[in-house]
Structures are given as C-alpha cells and as structure tokens.
Amino acid sequence: MYDELKFENCSHSKDPVLGCALEGVASVIAGINDVSIVIHSPQGCAATVANAFDNHEIDFTKRKIGCTRLFETDIIMGASEKLENLIREADKSFGRSVMFVVGTCAADIIGEDIEGLCKNLQPEINARLIPVVAGGFRGNVYDGINLGLKAITPFIKTSGGGAEDCVNLLIPQANINPTWMGDLDHIKNLLEQLDIRVQTVLPHNMGLEELGSFADAKANILLSGDAGQDFAKRMQEKQGIPLIMGDIPQPVGLKNTARWIRSVATYFDKEEKAEEIIRAGEEKVADILRRRALMIIPRYRNLRIAVCADATYGVALVRMLFEELEMIPELILIRSSNTRAAKILEREIESMGISPKVAFGVDGYQIKKALEESRVDAVLGSSWEKYMAEEAGIKIAFDLFAPTNRDIYLDKAYMGYEGMLNMLEIIGNDWERAFRSKEINWEQYA
Amino acid sequence: MAGKIDENIVFYGHLSELYQLAKEGKIKTGLQGSHTRPCKFWTATKILSGIRNSIVITHGPSGCAYGVKKAYKLTNSRNSGSPYEPVISTNMDEEKVIHGGEGELKGAILEVDSKYRPDIIFIAASCATGIIGDNIDAIVDGLRSKVSARLMTLHCEGFAGEYRSGFDLVFKQITKLMDAPTAELKKQLERSVNIVGGKMGPERTEVDTDVKELVRLLEQMGVGVNSIIAGNCSLEELKRAPSVAVNCTLCLDIGYAIGTEMLNEFGTPLNSTILPYGISATEKWIKGASKYLGMENEAEALIQKEYSHIKEEFEEARKKLVDKIAIIEGHDAIKCLSIAHMLERDFGMRAVIYNFHPWNTGARETSIDYLLETGLDPEILITKGTLAFGKYESMKQTEEELLDFIGGFDKDSVVYFGSSLSFPSIPVVDLNAIMNRPRFGYRGALKVAKCINTALEYSFRKRSALFKKIVFPEKSGLASAGSMTSKLGSELPDCTVYAERRRGKCMMN
C-alpha cells in the first residue's frame, strides 16, 4: 500500500498543471482529418483550441478554425445570429464536409442552444454540423477528451463482422511524451510484428468515415492511463469490442513491455512470435547499454528519485526505475486523478515491496511542496519540475515530459525497448549536464 | 507598382488617409472570425506576470490559469531564469457555476496568502465568473484585513473588451498600489526614472535586449532606473514609482496608459515617444527625459558621445540606403510604425508598410496620433488577403500579393523589412532575429545599419531552397510568414512562446 500524501491549504486554490475540458474536446477534433471547427466563444479560447491542434502537430495549412469572438453585448443579448453567420462563412470558406460547432464556458453558461441552432441551420449548410458543448468548467483536459469521444460516438456503426486480427488504438495523444507519435508508431510496429492489424487510431490522423468500420476490430487497446476508460467501456457494452490490457501498465521498461506484448499475443494467440520479439528487444537494450552505458550501473543504483508525470507514464515507470535501473522511487506524483490508474499503481508497488509517497491529481504547489519536503536525489518530470527542482536544491532533473525544455526533431518513443533507450539517453545527458561545472575555474589554471 | 497588384489592393495611400477612412467607417476594421487575438484576460495577465512576488488567482475554471501559466510563466522560467511561478485557479466546476463560487474564492485568497506569502494577490475574473455574477469586489473587500498581502481585483473577463483593453486595465489599476509622492522621496529619486510599458518579466541575461540598452543609456547619463513597469518590478518599486523625475515609455502605446494615469493621479511627468528605434527616435527619448531630469547638458553630451561611436559605420550604411524604398511588414503595428519612422528619418528611405490591418487604427490609436503629429505619414498598402476570412489560404494570398507587388522592383532599389520566413526577391532585413539586438538606441541604430548592409552584401545569394520548402510546402503553394505560427512565436505581435517541446509557438492561431 502506498503512502498517500496530504496537503494543507489546497481545498480551494489550485495551481493547474492540466488544461481544461475545451482543450480535450479540441484534441479529439484535431485528430480527425478534413473537418473544420467553429468555436462559439471569446477570442482567448482560440488559444486553447490551437494548443490541441499543436499537440497533434496539425500543419498550419490544414487548420480550419473560426471563432465568434464574443464580447459583452453578445453575452448580454445572446449571439446566435453571430454564430449562424460564422457557420455560413466558415462553410463557404473552409469547404469541409464536417464542421464541429463548439460552445465554450461563455456560450455554455448563457445557454446558447447550439444543438438547436445546428439542427435548424443544417439544411442550408454543406458541412455536416456536429454540436459539442465544451465549457472549460466541465472538467480537465482528460474529461474533455471523454466529452469529445462521446460527441463522435454516434458515427460508430455496428460491426458488419470482420475476420482479421485487428485492434483499435485509443487516445494516443493523452500522453506526456512530447513526441507521443513516436509511441504510437512503436505500438503499431509491435502489433505489426505480431501480425495484428490496426483498424483505427482514435482519434489521430483519421477520417470520420473510419468510424464506420471501427466496430470491426476485435479489441480496443487504450494507450492512455488518464482518459478514454468510459468510452472503452461503452464500446464493450454497446458494440461488443472488448478492452484488453486495461488493467496493466503501459509498455514502459523491459518487464512492462514484455508483459504487454505477452498479453496482446495471448489474446490473439500469437505467443510464439511474442517471445521472439521480447528476446530480440531485451537483447538489443542490454547490448547497447553494455557498449555505451556501462557506467549507468553505479550512477543509478539506489538513486532516490521522484516521478512527476501523467498516469500513463507515472504508473508504468515505477517498475523500470526500481527493478531495472535499481533506483528507489520515493515520490510518485500524478497529474490526474484516476481510480483505475490508482489501482494499477497500488498493485504494482505492492508486488515490488516498496512504499513510495504517492499523490494523484496534484497541482503545481503540491508538486513543489512534495519535492521540497522529500529527500530525493533526482526528479524525473517536465521542465516545470526541472525549475522546481532547482529551487528545491535537487541537483538532478530529468526533463523527459511535456512541457519540455528540449528541442526534439525526430519523434522518440518512450514505450517499448527503443523507448527505454530513448529515455535513458535523455536521462544520461541530463545527468552529465547536472554535474558539469557551469564556469571554468580559471584560478586553478593561473 | 506592378500591374497585377491593382486587382488585389484594398487600400493604398497614406496612414492619415487610412486613419480617416477607418474613423468614418469607410473601411472594414473588424477582425475576422479566423483572426483571433489574445483576449482581455490573457493581456491583463501578461502584464501581471511582470510583477514580482505577486500571485494571480483566476476566479474561474482551471483552463484560463493553465493557459497563461504555460504561456507567460513558463516562458519567464525558460528564458529569463525565473523560478517556477504559479497561476492559481479557483477551479470552478459545473456545480460551482450553478451555485456560485464566492465561497471558493474566499477560501482561495486565504489559502494563497498563507501558502505563498505574496506581496500582492491579484484576483482576475474569468468569463465564467463574470457571467454568473460572483461579487468579487465584495469578497475581496471583506478579506483585506484578514490577509497579509495587498489584494486587487481585476475585471478582465475574456469577453469584456478587445485585446489591448487588458493591458490598459492593469496599467491603470496598478497605480492604486502606488504611494503619492513625498518631498523626501522626490528628492531621493530626482535623478531617477521609471520605464513604463514593459510586460511579462525579467530580461534575459544572455541577450542584449532593448530594455537593457535603454537602461545603459540612462545610466551613462547618470540617471537611475527605479522600476521597469511591469518587467519584473516589485511592490516596493511600484509604491515609490510616482516620485521619480519622469516616466519614460518603453512602448508608447501601452506605456501611455500607465503614464497618463500616473500623470493625472500623481503629477508624475511623462516622456512619451515612439519606440526608440534609430537615432532620431532615441534622441527624442533621451531629450524628452532630460527635460524633466534637468539634465539637458548631460543628455547632449551623451548623444554626442554615443553618436561618435557609430558615426562612421552608420553614415556609410546610410549612403547605400538613402532614397531607396523600404517595404515593412505590417504584422506588428507599433514596431512597423517605429521602423518606418527610423527608415524615413535616419536613413532617408521611402517607407511603405505592407498589410497593416485596419483594425490597428483603433487598437493603436495613440501611436498613430503621435506619428502623424510628428509629421510622419508613411504609405500603407493593404491587399485583399489581409482582410480575407480563412487561415492559410488568406496568408498564401497575401504572400502572392506581396510577390506581385515586389515584382516591379529590383533588389538594388528596395529592401524588405520583415520576417526571414518571407521570401521576396529583394534583400530581407529581419530585425527580430535575436542576434540583431539591441535595436534601440545608438547601438541599435548601428546594429540595424549593419543588418541592412549584410542583407545587401549577400543579396547575390539565392534564398535557401530548404528554408523556402520548410515554410512553403510544395503541395500547398506559398504561405506567408504570418501563418508560420509554430515558428514565429517569439517574433510576431501578440504572440508568446510556449516551452512545450521547446518550440516557439504562437499563442493565437
């Protein structure tokens, strides 16, 4: 059982480390190709939507976003006409077959009937209008992802039956690997090696029409520990697509990757191939580290470390850090509150016989406070934790997660065998920098 | 002018004419639904991010606080070495939106005072709480005696005003944190100034910034800087700010709001000029300050000394530029007007500002008035693409229109002042590049001259095919730099830098 951290003075004030529901909804829409989006909101909310499109790295040439730019009179008098006009203009200019009409806090609270408006306006609009109510107050980014998934659920048709071994991959973007596309590619590659086809990646670089065959998949695999569980459950109940591997950590580190591969292989009856992949992967990691990183053994052994991450990585990293790198995970701080993730983490640390301090749903203040009061040697997190560590006098900070302070040009998986090496490479470089003198001590050379 | 441009022109004439048309409602000044700017909440919190040891409590859902924290505070940490800076939210959820969030706000203020011990707590209203009508002022008034920090409310709901209204609101409001001048303090600060109109936070230590150059000039003259408001200023600095000899605007437009407020409230004199790009503007800035400092002689000596250092190189560059045409990218209204001022006054060039959005005639009224009063009236060219609805396509349109426009010029007679992400066939001078700083002051004038010389010297080199391909993907045709939101984060107006993935990102798309 983990030791759950409690914080004072945090009942009413939060220093958020997660975006709001609007960003989550936009993150689902941004994953669908060739659609446009009209936000019924003051102009500032456009930044939140843009952030979601940035997260999918949607090329600037392909963004079709309009905003009603609500002002005070619109709030008082209502702005349905303004929205109608923008929808007409966007339909004409953007020329997309589907347009999401998204109401944010302001429109949501003043009670703009976006659904009714879309229904009435639909006959004169070429694009199919999909209304979504996404006031930021409806939750955090993960709640927003769940809302967005709900909005596109009607497009999912009942399966016509498919014979192939195929899966859907769910919510790859709810992941704080700054280039999470690397993880997605890695997972696809692993599945390909097992002769398992990916039916749909929901929602990333997909066409809305793909949802027509979504239910043909034999299983859903959730790539996030933070969002999508309700959707996966609904799909299980209504479409008969089982969620597999919903109760084990993501494939991070050797043991978790092996467990993940074996689980999916068992489901599809591909055990033999799985063992080959595992053998080759583990060999590759050991071989490279033997040649290039032998000295990580004395470096990392019994290093007391704090992990600050989302549930996807925060839960999955612990075993790698403790059993494979011989570090001591003392503090595990997870940005979201998620009961499923909490249960998995509890099982994990119990099986390892460790008792780190843990907190879910932490904000900036709590992370900083926990770091200040800890006795860790190093922090594994984002650039936020890097700056906090500097203040807290913690010498080493591994800047792995978003928002990161590193330039990354090529997508780098953190999941799987290469992913482990990618993470170790960053950890190794940050370690070196932490111990290099900041200035040359010229007196010693005089 | 090239023939084809005529078909694309929405406006071509002088700034004064555009200004008049806009006032008479004869040209569309509104922004399109695809051209969003930061809202009032964002601009207000941008200024607040420049006040040290203060905490902003956003009374609303968490997204607003999270957004500005990631944009401004994380950038402060990344670029300027600031410690981690929080932005607090009362985290309004559906239930609180229905039943009201006054209790939450009360609790948040008490918690923040206790856990952060800040000098000031700013309570910023968001759209959600503005609409449901939480009585923020009453709550704050009721708590003043119960907390150590100074409390200040800001009604900066995102819908409550245009983009720049957030700047003006905060600058006006923070004068309430200031103490009236005293004879003793005035004596103490008789040779000190405030630089007003700054925003966001401390200066980068590793960059020769414009602000640092102004501070250097002042110090050379024997003048101290009490505070840069609001560029990492403290409550103590703000308190004594009205007692300085004069407020000098950093950005005329934004600095004017606080400068005027302090003039009216405390009688603090205001030295308000256009951005001190180039010699003529810098001279005005220095002389304007010296008048109130009683240091005209020192100012004159400084001007002579500074100019003598750059004279030879500067005059050499001027020879190559005089009578040439300068096409200035109009994305950033204040900057392009200041550059036009410099190029006309210092280099004797003919300035044409390209695609200055008519929206600016309202939003940047102060600067335009100032420029016209000084007798400068640059030419403005606006093409259809600037006013078109859409994103990439309209940007593509403006780039094509630019190329049409420039098609009639040769590279020896025209210089383009804009982003290196544009690819006209004439020399490009990108004054935003970090290595081209400072741009202010005499050193700045020399830097600009050098920058122009280098652009001319290497104008024989074709622009990199690789760079062009990065900006203008083959299948998509041409795009303008303005659409390169992920790359121009730190350069374009109204944009800021996100640290996520270490890429510059535009705040607005």
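Basis of the calculations
- Residues numbered from 1 in each chain as written.
- Chains lettered and ligands numbered in written order.
- Predicted model: local features only at pLDDT ≥ 70, side-chain atom pairs only at ≥ 80, totals over all residues.
- Helix = DSSP H or I, 4+ residues; strand = E, 2+ residues; numbered from the N terminus.
- Buried ≥ 20, exposed ≤ 12 C-beta atoms within 10 Å, placed from the backbone.
- Contact = placed C-beta atoms within 7 Å.
- Core = buried A, V, L, I, M, F, W, Y, C linked by C-beta atoms within 7 Å.
- Pairing = 2+ DSSP bridges.
- Axes fitted to C-alpha atoms, helices over the stretch in contact; angles between N-to-C directions.
- Domains from an automatic or database assignment.
- Nonpolar A, V, L, I, M, F, W, Y, C, P; charged D, E, K, R; others polar.
- Expected span 1.5 Å × (residues − 1).
- Bend = angle between axes of the 7 residues up to and from the residue.
- Parallel < 35°, antiparallel > 145°, perpendicular 65-115°, else oblique.
- Left-handed = near helix turned anticlockwise from the far one by under 90°.
- Right-handed = clockwise from strand over helix to strand, strands pointing away.

S.K.: Would you take a moment to explain the overall build of chain B for this structure?
M.R.: Helices and strands together make up the secondary structure of chain B, namely 22 helices and 14 strands. Each of the 509 residues in chain B was classed as buried or not, and the buried ones make up 58%.

S.K.: Help me understand the overall build of chain A in this model?
M.R.: If you tally the helices and strands in chain A, you get 17 helices and 14 strands. Counting only C-alpha atoms and orienting by the principal axes, one finds that chain A spans roughly 75 × 60 × 45 Å. Across the 446 residues in chain A, those meeting the buried criterion constitute 57%. A fraction of 74% describes how many contacts in chain A between residues 6 or more apart in sequence connect residues 24 or more apart.

S.K.: Even after reading the chapter, I still don't get the nonpolar core, so can you show me in this structure?
M.R.: Note that soluble globular proteins tend to have their nonpolar side chains buried in a common cluster. Counting residues in hydrophobic clusters, the biggest one holds 283 residues, and the most contacted among them are Val 49, Leu 333 and Val 379 of chain A together with Ile 328 of chain B. Broken down by element, the residue count for this core peaks at nine residues, all from helix H13 (residues 311-324) of chain A. In this structure Val 379 of chain A touches Ala 306, Cys 308, Leu 371, Glu 385, Ala 389, Ile 394, Ala 397 and Phe 398 of chain A, once residues within four positions along its chain are discounted.

S.K.: In this structure, what is going on with the sheet that holds strand S7 (residues 197-202) of chain A? I would like to understand it.
M.R.: Think of a sheet as strands paired side by side through backbone hydrogen bonds, with each pair either parallel or antiparallel. Residues and elements named next belong to chain A. Spatially, the four strands line up as an open sheet ordered S7-S6-S8-S9, and their pairing is parallel. Edge positions in the sheet fall to S7 and strand S9 (243-244), since each of these pairs with one other strand and no more. Pairing geometry for strand S8 (residues 219-222) and S9, over two bridges, is parallel. Of the residues in S9, the one forming a bridge with Ile 221 is Ile 244. Sitting on the sheet, helix H9 (residues 229-239) is in contact with strand S6 (166-170), S8 and S9, with an inclination near 175 degrees to S8.

S.K.: How should the domain arrangement of chain B be read in this particular structure?
M.R.: Much of the literature gives interface size as the accessible area that the parts lose upon coming together. Residue and element names in this part refer to chain B. Domain assignment breaks chain B into domain 1 (5-30 + 307-502) and domain 2 (179-306). Contact residues are listed per partner, giving 28 residues for domain 1 and 25 residues for domain 2. Mapped by element, the contributors of at least two residues to the side of domain 1 that touches domain 2 are helix H15 (296-321), helix H16 (333-345), helix H18 (365-373) and helix H21 (441-457). The biggest single contributor to the side of domain 1 that touches domain 2 is H16, with eight residues. A per-class count over the side of domain 1 that touches domain 2 returns 13 nonpolar, eight polar and seven charged.

S.K.: Looking at this structure, how should I read the environment of Leu 169 of chain A?
M.R.: All names here are of chain A. Along the chain, the position of Leu 169 falls in strand S6. Note on Leu 169: 20 C-beta atoms within 10 Å, which makes it buried. Between the C-alpha atoms of Leu 169 and Leu 223, which are 54 residues apart in sequence, the distance is 6.7 Å. Ignoring sequence-local partners within four residues, the contact set of Leu 169 consists of Leu 184, Ile 187, Val 198, Val 201, Ile 221 and Leu 223.

S.K.: Just checking my understanding: could you explain H15 of chain B for this structure?
M.R.: The α-helix advances 3.6 residues per turn, and as a result positions three or four apart in sequence lie on the same side. All names here are of chain B. Taking 1.5 Å as the rise per residue, H15 with 26 residues should run 38 Å; its terminal C-alpha atoms sit only 32 Å apart, a clear shortfall. Of all the bends in H15, the largest measures some 60 degrees and sits at Lys 311. Along H15, the residues that are buried comprise Ala 299, Leu 302, Glu 306, Ile 310, Phe 314 and Ala 317. Against the buried residues of H15 lie helix H11 (210-220), helix H14 (278-293) and H21. Looking at the residues trailing H15, positive phi occurs at Asp 323, about 75 degrees.

S.K.: I would appreciate a short explanation of helix H3 (residues 40-48) of chain B in the present structure.
M.R.: Of all nine residues in H3 of chain B, nine are buried, a share of seventy percent or more. Listed in full, the buried residues belonging to H3 of chain B are Lys 40, Phe 41, Trp 42, Thr 43, Ala 44, Thr 45, Lys 46, Ile 47 and Leu 48 of chain B.

S.K.: Help me understand the packing of helix H2 (residues 15-23) of chain B against H18 of chain B in this model?
M.R.: Packed helices, taken two at a time, are described by the angle between their axes plus the distance between the axes. All names here are of chain B. Where H2 meets H18, the closest approach of the two axes is 11 Å, and the angle between their N-to-C directions is 135 degrees. When the interaxial angle is binned, H2 and H18 end up oblique. Viewed along their axes, H2 and H18 form a crossing whose handedness is left-handed. The residues of H18 that touch H2, namely those facing Leu 15, Ser 16 and Tyr 19, are Ile 368, Leu 371 and Leu 372.

S.K.: Would you explain the interface of chain B and chain A in this entry?
M.R.: Across the contact, 66 residues belong to chain B and 62 residues belong to chain A. At the level of elements, H3, helix H4 (62-80), strand S3 (88-89), helix H5 (94-99), helix H6 (102-116) and helix H7 (127-132) of chain B are the ones that each hand at least two residues to the side of chain B that touches chain A. Partitioned by chemical class, the residues of the side of chain B that touches chain A number 34 nonpolar, 19 polar and 13 charged.

S.K.: Help me understand the domain arrangement of chain A in this model?
M.R.: Residue and element names in this part refer to chain A. With domains assigned, chain A is organised as domain 1 (21-155), domain 2 (166-267) and domain 3 (288-435). Here the C-alpha centre of domain 3 lies 24 Å away from the C-alpha centre of domain 2. Broken down by element, the residue count for the side of domain 2 that touches domain 3 peaks at seven residues, all from helix H8 (residues 180-193).

S.K.: Is there a simple way to explain the environment of Gly 161 of chain B in this structure?
M.R.: Residues and elements named next belong to chain B. Tracing the chain through its elements places Gly 161 in the loop between strand S5 (150-154) and helix H9 (165-173). For Gly 161, a count of 21 C-beta atoms within 10 Å puts it in the buried group. Linking Gly 161 and Lys 40, residues 121 residues apart in sequence, is a C-alpha distance of 5.9 Å. Once residues lying within four places of it in the same chain are set aside, the contact partners of Gly 161 are Lys 40 and Gly 166.

S.K.: Where do I start with the sheet that holds strand S5 (residues 128-133) of chain A in this structure?
M.R.: Residue and element names in this part refer to chain A. Reading across the sheet, the four strands line up as S3-S2-S4-S5 and stay open at both edges, with parallel pairing between neighbours. The two strands at the open ends of the sheet, each matched to only one other strand, are strand S3 (65-67) and S5. Geometrically, the sheet is characterised by an average inter-axis angle of 20 degrees between neighbouring strands, direction not taken into account. The pairing of strand S2 (residues 35-40) with S3 spans three bridges and is classified as parallel.

S.K.: Even after reading the chapter, I still don't get the packing of H14 of chain B against H16 of chain B, so can you show me in this structure?
M.R.: Residue and element names in this part refer to chain B. Remark: H14 packs on H16, axes separated minimally by 6 Å, with the N-to-C direction vectors making an angle of 110 degrees. Comparing the axis directions of H14 and H16 gives the class roughly perpendicular. Facing H14, whose interface residues are Gly 278, Ser 280 and Ala 281, H16 presents Ser 338, His 341, Met 342 and Arg 345. Considering only residue class, the contact of H14 with H16 consists of two nonpolar, four polar and one charged.

S.K.: What should I look at first to understand the environment of Met 349 of chain B in this one?
M.R.: All names here are of chain B. Counting through the fold element by element, Met 349 comes out in the loop between H16 and strand S11 (350-354). Looking at Met 349, the number of C-beta atoms within 10 Å reads 23, which means it is buried. Separated by 66 residues in the primary sequence, Met 349 and Val 415 place their C-alpha atoms 9.7 Å from one another. When neighbours within four sequence positions are excluded, Met 349 is seen to be in contact with Leu 321, Lys 324, Ile 325, Ala 326, Leu 343 and Glu 344.

S.K.: I would appreciate a short explanation of the pairing of strand S6 (residues 192-196) of chain B in the present structure.
M.R.: Sheet faces and side chains relate simply in a regular strand, where the side chains alternate between the two faces. Residue and element names in this part refer to chain B. The element S6 is largely enclosed, with a buried count of five among its five residues. Both faces of S6 are covered, namely the face carrying Ser 192, Asn 194 and Val 196 and the face carrying Val 193 and Ile 195. Taken together, the five bridges between S6 and strand S7 (residues 224-229) define a ladder with parallel strand orientation. Across the sheet, residue Asn 194 finds its bridge partner in S7, namely Ser 227. A crossover links S6 with its parallel partner S7, the connecting element being H11, and its sense is right-handed. Pairing of S6 with strand S8 (residues 246-249) involves four bridges; the strand directions are parallel. Residue pairing for S8: Ile 195 is matched across the bridge by Cys 248.

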